[in-house]
Amino acid sequence: MRFRRGRWREIQIVGISMKQRQNTMSLLLSSDALAAFLPYGRQRIEEDDIEAVVAALRSDWLTTGPKVGEFEAAVCAFTGAQYGVAVSSGTAALHAAMYALGIGSGDEVIVPAMTFAATANGVVYQGGTPVFADVDPETLLIDPMDVARKITAKTKAIIAVDYAGQPCDYEALRGIADQHGLALVADACHALGGTYTGRKVGTLADLTVFSFHPVKHITTGEGGMVVTDNPELAARMRRFRNHGIDTDYRQREAEGTWYYEMTDIGFNYRISDIQCALGINQLRKLPTWLMRRRKIAGCYNDAFRDLSMASPLVLMANREHAYHLYVMRHASGVIRDKVFRKMREMGIGVNVHYIPVYLHPYYRRVYGYAPGLCPEAERAFSAIFTLPIGPGVSDADVERVVASYRRALAEVESHE
Ligand SMILES: *Cc1c(COP(=O)(O)O)cnc(C)c1O
């Protein structure tokens, strides 16, 4: 997108509240503000990333060649998981996880209300029913007590979402899962690089899902992966991403055979070698990028500790946060909306993560879910927003965000 000087452009704000979204609220900003618009998150692509992609384009394999396995091995080495299955998106990875566990019609899977819709959609694709659990108001992580309350005879799995990048309470969740014979899945699309009691995200659940969308920690353009220590589940997901066929073209070429069998119905959820070449190169930078994310979060934590109308989410002592998002809570929805608008006027790309999934029209219509189901998630949704964070956010950007936020809060406070 390009912005010309001296022009006015309309910027759409999405996700403030359902009502405002329907009305497609918009805001006018001058080109000067737009020139310095700071998004809440975006990819970082450097010259060596471009070279890695070009090298893949010049190679013999554009898709399902050596780079896919190399990327899977690199993510396994980083997370400590044994098997990785790379696919075309984080959403495909969630679908593959539900398939691998055999989720089907009549099965219930417990998911947190406070997440991106794809977490629950993976259950729906398999014909299962997502059952929403509420979140802890201090961390916005799935509340194990509410998970326990939502278990029925039909429950087959729990999907924990490491919201914003802080790992969930895996000890409590594992206890509940084991007690009821349920599978435990981590939607760790926010948490690549996080730890829980010193154990890395990727080893805390039966299956762990990552996304490589451009706003996430590292990107492949579009892409995702499931990691696991279970070889049978990994084999099922490998078939699933390739139409349900038991071998891939490269394996057959290596074995000098053309014969293959489709043993189950699958999808084309493959990721390309071009994308994995980018992913491998990005992963090398992840440790440095994680340090940068934590540094920025530390600055925000210090700056926003003593505000009267807003507070950061609570950080648990036994975890290392991966800070995909930096989320602030406000004293009320009215204050959030006012501060949000002022921040956008100042060119700060605040955003809202997320609308409780069951409030989306699809979930209301098809499953009959209604407001009131998960009160903490609904309360949080009306009062939170996300501030810019990421490896591309400079010290000067951080100072600007802090100053803008303090100013916006002070202006709103003086009118309260
Ligand atoms: C990004 C994200 C997804 C989906 O990943 P895609 O790669 O965009 O399909 C799923 N769950 C959560 C929590 C996410 O943040």
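Our structure is the block above this text.
Cut-offs used in this document
Numbering of residues starts from 1 in every chain and runs along the sequence as written. Only residues with pLDDT of at least 70 get local features here, since the model is predicted, and only at 80 or more are side-chain atom pairs given and counted; chain-wide, interface and lining totals rely on the full set of residues. Side-chain metrics rest on all non-hydrogen atoms present in the structure, leaving aside hydrogens and water. The set of buried Ala, Val, Leu, Ile, Met, Phe, Trp, Tyr and Cys residues whose side-chain atoms join them within 4.5 Å is what this entry labels a nonpolar core. Think of it in three bands: residues with accessible area under 20% of the maximum for their type are buried, residues over 50% are exposed, and the middle band is partly exposed, with areas taken using a 1.4 Å probe on protein chains only. Helix numbering and strand numbering both begin at the N terminus, where a helix is a DSSP run of H or I of at least 4 residues and a strand a DSSP run of E of at least 2. Whether two residues are in contact is decided by their heavy atoms: any pair within 4.5 Å suffices. Nearness of a residue to a molecule or strand requires only that one of the residue's heavy atoms be within 4 Å of it. Here a polar contact means two N or O atoms within 3.5 Å. Within protein one must be a hydrogen donor candidate and the other an acceptor candidate, and residues neighboring in sequence count only if both atoms are side-chain atoms. The Shrake-Rupley method, run with a 1.4 Å probe, gives the accessible areas here. Residue values count only the displayed protein chains as cover. Under the convention adopted here, Pro, Cys and the residues Ala, Val, Leu, Ile, Met, Phe, Trp and Tyr are nonpolar, Asp, Glu, Lys and Arg are charged, and Gly plus all remaining residues are polar. Only strands that DSSP links by at least two bridges are regarded as paired with each other. Helix axes are fitted to C-alpha atoms over the stretch in contact, other axes to C-alpha atoms as well, and angles between N-to-C directions run from 0 to 180 degrees. Pairing of aromatic side chains requires ring centres within 6.5 Å, counting the rings of Phe and Tyr and the six-membered ring of Trp. Pairs whose planes differ by under 30 degrees are stacked, by over 60 edge-to-face, and all others tilted.

Colleague: I tried to follow the nonpolar core on my own but got confused; where do I start?
Modeller: Soluble, globular proteins show a tendency: their nonpolar side chains are buried together. Membership of the largest hydrophobic core comes to 129 residues, with the highest contact counts inside it found for M114, F132, Y163, F304, M343, L387 and Y405. Take this core: its biggest share by element is ten residues, from helix α11 (residues 273-303). With sequence-adjacent residues up to four places away left out, Y163 is seen in contact with M114, T139, L140, L141, H190, L313, V327, H353, Y354 and I384.

Colleague: How should I be thinking about the site of the ligand in this particular structure?
Modeller: Residues in close proximity to the ligand total 16 residues, the closest being G90, T91, D187, S211 and K216. The contact in question runs from an oxygen atom of the ligand to an N or O atom on the backbone of G90, over 2.7 Å. Here an oxygen atom of the ligand sits 3.0 Å away from a polar atom, N or O, in the side chain of K216. Relative to its free-state accessible area of 380 Å², the ligand is covered by the protein chains to the extent of 93%. Residue assignment for the shell around the ligand shows that the elements contributing at least two residues are α5 (90-100) and α6 (118-125). When residues of the shell around the ligand are assigned to their parent elements, the largest contribution, three residues, is made by α5. Looking at the shell around the ligand, its residues break down into five nonpolar, nine polar and two charged.

Colleague: Hey, could you run me through the sheet that holds strand β8 (residues 183-187) in this one?
Modeller: Strands in a sheet are paired, the pairing made by backbone hydrogen bonds, and the direction either parallel or antiparallel. Read from one edge of the open sheet, seven strands run β4-β12-β11-β8-β7-β5-β6, paired in mixed fashion. Edge positions in the sheet fall to β4 (83-87) and β6 (129-133), since each of these pairs with one other strand and no more. This sheet shows a mean twist of 25 degrees between the axes of neighbouring strands, independent of strand direction. The sheet contact formed by strand β11 (residues 207-211) and strand β12 (residues 224-228) spans four bridges and is antiparallel. Its bridge partner being in β12, T208 is matched across the sheet by V227. Sheet strands in contact with α5 are β4, β5 (108-112), β7 (155-161), β8, β11 and β12, and its direction is about 165 degrees off that of β11. Relative to the sheet, α6 contacts β5, β6, β7 and β8, its axis offset from that of β6 by approximately 150 degrees.

Colleague: Could you clarify how one ought to interpret the packing of aromatic side chains in this entry?
Modeller: Within a pair of aromatic rings, the relevant descriptors are the distance that separates the centres and the angle that separates the planes. All told, the structure shown has 24 aromatic pairs when counted by the stated rule. Ring centres of Y99 and F240 lie 4.2 Å apart, and the angle between their planes is 20 degrees; this geometry places the pair in the stacked category. Linking Y99 in helix α5 with F240 in helix α9 (residues 231-240), this pair joins segments that are 141 residues apart in sequence. Residue classification places Y99 among the buried residues on the basis of a relative accessible area of 8%. Taking 5.8 Å as the distance between ring centres and 65 degrees as the angle between the ring planes, the aromatic pair formed by F240 and Y269 counts as edge-to-face.

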